[in-house]
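Fold and geometry: a report
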Amino acid sequence: MEGEEFVEIIDSIRLQRFTKEEIEFCKEYVLVMGVVADALDVLQGDLAVSVGYLLPTLYELRKSFEEFNQQYLKFCQPLNKTLKEGFNKRFESFFGDEKYVTFYYFRFKLAWLKNDERNNVKNMLKDEFNLFSPLDILSVENIEIVHSNIGKKRGFFSFEDINSVASPEEDRFAEFNRFFNEGLKSSECLAGFPIIKKIYLHYNTDLPSSALVERLFSLERMY
């Protein structure tokens with residue numbers, strides 16, 4: 001909403017106009033709290049969200065707090081500092097072994113990591129890839145993953161998908177390399193990656209969401 005439109009609305013309901021400082025405060029507040037609202041919007045999805053979304057969302061949120069810390073905020077720097085400290089206290093421990101959940105999620109994979117971290121992580125994932133024996137792959141081939149046609153929240157995440165050229169590797173890592181080099185658009189694509197699909201099902205689960213229930217009660221009020 002533009003400033004003139006905001007003033008017109010205030011005048012139309014006969015309220016005292018905001019001062020310049022109050023308007024500046026509102027703008028900063030929306031800037032800082034807007035990323036929190038976006039993160040909650042992503043994690044409260046009712047169809048397309050699994051636990052693989054959690055770490056990239058937290059990563060973007062933490063990065064936003066750090067960027068705001070470098071900006072000149074006249075009024076809301078204490079708010080940003082408090083949010084950042086609370087975030088670190090609550091979620092810092094999540095950036096450990098839980099990363100596996102996201103690495104095998106087709107939407108993100110390694111795209112949310114820094115460039116210098118990706119090669120080390122790939123080597124670590126190859127070691128784990130070897131632990132999942134291909135002998136019982138057939139047991140997971142017919143399992144349906146329900147959140148297939150994913151509605152991406154592209155505007156929130158700042159990193160881009162990685163589409164690199166696969167390097168020659170041993171045959172046993174052919175599936176591994178294809179997964180991390182191909183741009184997959186839905187979980188249905190995992191049918192072509194039986195071992196990766198097995199690991200995906202091992203780590204991932206849908207996040208419980210109350211969105212559908214809340215929507216039901218919202219509709220009820222309309223009648």
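Going by the structure above, here's the rest.
In this report, we go over the structure that sits alongside the text. Owing to the predicted nature of the structure, the values given are computational and were not obtained by experimental measurement.

1. What about the packing of helix H2 (residues 20–43) against helix H3 (residues 54–70)?
Relative to each other, H2 and H3 sit at 180 degrees, their axes nearing to 10 Å. By the criterion of interaxial angle, the relationship of H2 to H3 is roughly antiparallel. Across the interface between the two elements, Leu31, Val32, Val35, Val36, Ala39, Val42 and Leu43 of H2 pack against Leu54, Thr57, Leu61, Ser64, Phe65 and Phe68 of H3.

2. Quick word on helix H6 (residues 115–131)
Counted at 1.5 Å a residue, the expected span for H6 with its 17 residues is 24 Å, and the 26 Å between its end C-alpha atoms agrees. When H6 is considered as a whole, its buried residues turn out to be Arg118, Val121, Leu125, Lys126, Glu128 and Phe129.

3. With respect to the state of the cysteines
For the coordinates displayed, the defined rule picks out 0 disulfides. Cysteine 76 provides the cysteine sulfur closest to cysteine 26, a residue in no disulfide bond, and the two sulfurs are 8.8 Å apart. For cysteine 26, a relative accessible area of 32% corresponds to the partly exposed category. Residue class for cysteine 76 comes out buried when judged on its relative accessible area of 1%.

4. Quick notes on the nonpolar core
Residues Phe103, Tyr104, Leu125 and Phe179 are the most contacted members of the largest nonpolar core, which totals 42 residues. Only H2, H3, H6, helix H8 (174–181) and helix H9 (194–203) provide two or more residues apiece to this core. Ranked by residues supplied to this core, first place goes to H3 with 7 residues. Beyond its immediate stretch of four places on either side in the chain, tyrosine 104 contacts Leu125, Glu128, Phe129, Phe179, Phe180, Ile196, Ile199, Tyr200 and Tyr203.

5. Structural notes on the side chain of glutamate 28
By secondary structure assignment, the location of glutamate 28 is in helix H2. No salt bridge is formed by the buried glutamate 28; its nearest oppositely charged neighbour, lysine 74, is found at 7.7 Å.

6. Here's the deal with the pattern of salt bridges
Inspection of the entire model under this criterion finds 3 salt bridges. With its nearest N and O atoms 2.7 Å apart, the salt bridge here joins aspartate 11 to arginine 17. On the basis of relative accessibility, which here comes to 35%, the residue aspartate 11 falls in the partly exposed class. Residue arginine 62 pairs with glutamate 92 through a salt bridge whose shortest N-O separation is 3.6 Å. Residue arginine 62 is located in helix H3, and its partner glutamate 92 is located in the loop between helix H4 (77–91) and helix H5 (99–103); the two are separated by 30 residues in the primary sequence. On the accessibility criterion, glutamate 92 (39% relative accessible area) is partly exposed.

Conventions used here
Residues numbered from 1 in each chain as written. Predicted model: local features only at pLDDT ≥ 70, side-chain atom pairs only at ≥ 80, totals over all residues. Heavy atoms only, no water. Axes fitted to C-alpha atoms, helices over the stretch in contact; angles between N-to-C directions. Helix = DSSP H or I, 4+ residues; strand = E, 2+ residues; numbered from the N terminus. Parallel < 35°, antiparallel > 145°, perpendicular 65-115°, else oblique. Contact = heavy atoms within 4.5 Å. Expected span 1.5 Å × (residues − 1). Buried < 20%, exposed > 50% of the residue type's maximum accessible area, 1.4 Å probe, protein only. Disulfide = S-S within 2.5 Å. Core = buried A, V, L, I, M, F, W, Y, C linked by side-chain atoms within 4.5 Å. Lys, Arg positive; Asp, Glu negative; His and termini not counted. Salt bridge = Lys/Arg side-chain N within 4 Å of Asp/Glu carboxyl O.

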